[in-house]
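Close look at the chain arrangement
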Amino acid sequence: MWSPDQSGIKFVIIAADYDHELIEEWEFTDEQKAKEAFDDLSSKAIC
């Protein structure tokens, strides 16, 4: 999400199933931590 007032920027990772039902949601205020979490989740994805 983008906001012109950047004091409240959050990075969100959302996991959903094939029916778009929410499974889990994670919020980060630090972009690097969000990227690390995304990379970790991506490496564990079942394809």
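Nothing here was measured: the structure is a model prediction, and the numbers come from that model. (Residues numbered from 1 in each chain as written. Predicted model: local features only at pLDDT ≥ 70, side-chain atom pairs only at ≥ 80, totals over all residues. Heavy atoms only, no water.)

1. Quick word on the pattern of salt bridges
Two side chains with opposite charge may pair up if their charged atoms get near one another. Taken as a whole and assessed by the stated rule, the structure comprises three salt bridges. Note that Lys10 is salt-bridged to Glu27, the shortest N-O span being 3.3 Å. Taken as a pair, Lys10 in the segment before strand S1 (11–16) and Glu27 in strand S2 (residues 22–28) lie far apart in primary sequence, 17 residues in all. Measuring nitrogen to oxygen at the nearest pair gives 3.2 Å for the salt bridge that ties Lys44 to Asp40. Since its relative accessible area comes to 37%, Asp40 is described here as partly exposed. (Salt bridge = Lys/Arg side-chain N within 4 Å of Asp/Glu carboxyl O. Helix = DSSP H or I, 4+ residues; strand = E, 2+ residues; numbered from the N terminus. Buried < 20%, exposed > 50% of the residue type's maximum accessible area, 1.4 Å probe, protein only.)

2. Here we look at the environment of Val12
As for its position among the elements, Val12 is in strand S1. Residue Val12 is classed as partly exposed on the basis of its relative accessible area, which comes to 42%. The spacing of Val12 and Thr29 is 17 residues in sequence and 8.8 Å in space, taken between C-alpha atoms. When sequence neighbours within four positions are dropped, the list of residues in contact with Val12 reads Glu25, Trp26 and Glu27. (Contact = heavy atoms within 4.5 Å.)

3. Concerning unusual backbone geometry
The backbone of His20 shows a phi angle near 65°, a positive value even though the residue is not glycine. Note on placement: His20 falls in the loop between S1 and S2.

4. Section: the confidence of the model for the protein
Per-residue confidence for the protein averages 82 on the pLDDT scale, and 83% of its residues sit at or above 70. Here S1 is the element of the protein with the lowest mean pLDDT, 89, and S2 is the one with the highest, 91. (pLDDT = per-residue confidence, 0-100.)

5. Structural notes on the pairing of S1
As judged from the six bridges shared by S1 and S2, these two strands associate in the antiparallel manner. Its bridge partner being in S2, Ile14 is matched across the sheet by Glu25. Remark: five residues form the turn of the hairpin made by S1 and S2, two consecutive strands paired antiparallel; His20 in that turn has positive phi of roughly 65°. (Pairing = 2+ DSSP bridges.)

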